[in-house]
Amino acid sequence: FARVHGGAFDDPRLEVTVGDGLAYLRATAVRYDLIAMDLTDPVGPSVELYSPATFALARGALAPGGALVLHVGSPFSHPERVRETIGNLRSVFPLVAPYFVHIPLYGSIWGFACASAHLDPRAVEPALVEERLAGRGVKGLRYYNGDTHRAVFALPNYVKPLVA
């Protein structure tokens, strides 16, 4: 998988913790700039992971200016899941920016959201994205750039009612 992660796991700033993420959020005093939740589908015991209570725990673990990102599901297969997750995020975070991209592995459009108390990724100009990528030496990206950053936040009409 080294070609996929591009050496990210070799970065000394990265610490991978395997365990119960909800228990970790309940106990941690660490504050993060970014929390990325790659959650299982909200079925059975996993429903709690998509609740306002869990999102409030994540918000409490964010540093000032930090953000939570997670997938919210498919607007085709699970429109209610998209609607409910966005609503739960908005009950905890003042800024919720949903975005949708095609995921080749799923063969479908998939939804994500960035939630924060202060950060609105929709306000970041394409030129600034390009500047930051260059300044950090990020190369070889196959999808993401300044223009795609802006474009993912442009919502198709069939998605707008789900995230209104």
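Numbering of residues begins from 1 in every chain and follows the order in which that chain's sequence is written. Only residues with pLDDT of at least 70 are given local features in this predicted model, and only at 80 or more are side-chain atom pairs given and counted; all residues enter the totals for whole chains, interfaces and linings. Working from all heavy atoms in the structure, the side-chain values ignore hydrogens and water.

Draft legend 1. Geometry of the overall build of the protein chain. Secondary structure is summarised from DSSP: a helix means a run of H or I of at least four residues, a strand means a run of E of at least two, and numbering begins at the N terminus for each. For the protein chain, the helix and strand inventory stands at seven helices and four strands. For the protein chain, the sequential pattern of α-helices and β-strands runs α-α-β-α-β-α-β-β-α-α-α. All radius of gyration figures rest on C-alpha atoms, and the globule criterion is 2.2 Å times the number of residues raised to 0.38. Relative to the globule expectation of 15 Å for 164 residues, the C-alpha radius of gyration of the protein chain, 16 Å, shows essentially globular dimensions. Projected onto the principal axes, the alpha-carbon positions of the protein chain cover approximately 40 × 40 × 30 Å. Using a 1.4 Å probe on the protein chains alone, a residue whose accessible area is under 20% of its type maximum counts as buried, one over 50% counts as exposed, and one in between counts as partly exposed. Across the 164 residues of the protein chain, 37% fall into the buried class. In the protein chain, 60% of the contacts between residues at least 6 apart in sequence involve partners at least 24 apart. For the protein chain, the exposed surface amounts to about 10,300 Å²; the carbon and sulfur share of it is 58%. Contacts are assigned to residue pairs that have any heavy atoms within 4.5 Å of one another. Shrake-Rupley sampling with a 1.4 Å probe provides the accessible areas, and residues are treated as covered by the protein chains on show and by no other component.

Draft legend 2. Inspection of helix α4 (residues 79-90) at higher detail. The span expected for a helix works out to 1.5 Å for each residue beyond the first. For α4, with 12 residues, the first-to-last C-alpha span of 17 Å sits near the 16 Å given by 1.5 Å per residue. Buried within α4 are the following residues: Arg81, Val82, Thr85, Ile86, Asn88 and Leu89. The buried residues of α4 all sit within an arc of 160 degrees when viewed along its axis, so they share a single face. Within α4, the exposed residues directed more than 90 degrees away from the buried face are Glu80 and Glu84. Turning to α4, the residues buried within the fold contact α3 (52-60), β2 (62-73), β3 (95-103), β4 (108-116) and α7 (160-163). Taken from the helix axis, the directions to the C-beta atoms give the arc we talk about.

Draft legend 3. Spotlight on the packing of aromatic side chains. Each pair of aromatic rings taken from Phe, Tyr and Trp, with Trp reduced to its six-membered ring, is defined by centres within 6.5 Å and is described as stacked if the planes are under 30 degrees apart, edge-to-face if over 60, and tilted in the remaining cases. Going through the model one piece at a time under the given rule, you end up with four aromatic pairs. Ring centres of phenylalanine 76 and tyrosine 158 lie 5.2 Å apart, and the angle between their planes is 25 degrees; this geometry places the pair in the stacked category. Note that phenylalanine 76 is positioned in the loop between β2 and α4 and tyrosine 158 in the loop between α6 (146-151) and α7, a separation of 82 residues in sequence. Judged by relative accessible area, which is 40%, tyrosine 158 ranks as partly exposed.

Draft legend 4. Inspection of the sheet that holds β2 at higher detail. Pairs of strands are assigned from DSSP output, requiring at least two bridges between the strands. Read from one edge to the other, the open sheet built from four strands follows the order β1-β2-β4-β3, with strand pairing classed as mixed. Single-partner strands in this sheet number two, and they are β1 (32-37) and β3. Adjacent strand axes in the sheet meet at a mean angle of 20 degrees when their direction is disregarded. Where β1 meets β2, five bridges bridge the pair, whose relative direction is parallel. What sits directly across from alanine 36, in β2, is valine 69. To obtain an axis, a line is fitted to C-alpha atoms, over the contacting stretch when the element is a helix, and the angle between two such axes runs from 0 to 180 degrees between their N-to-C directions. Lying over the sheet, α3 contacts β1 and β2, oriented at roughly 145 degrees with respect to β2. Sitting on the sheet, α4 is in contact with β2, β3 and β4, with an inclination near 165 degrees to β2.

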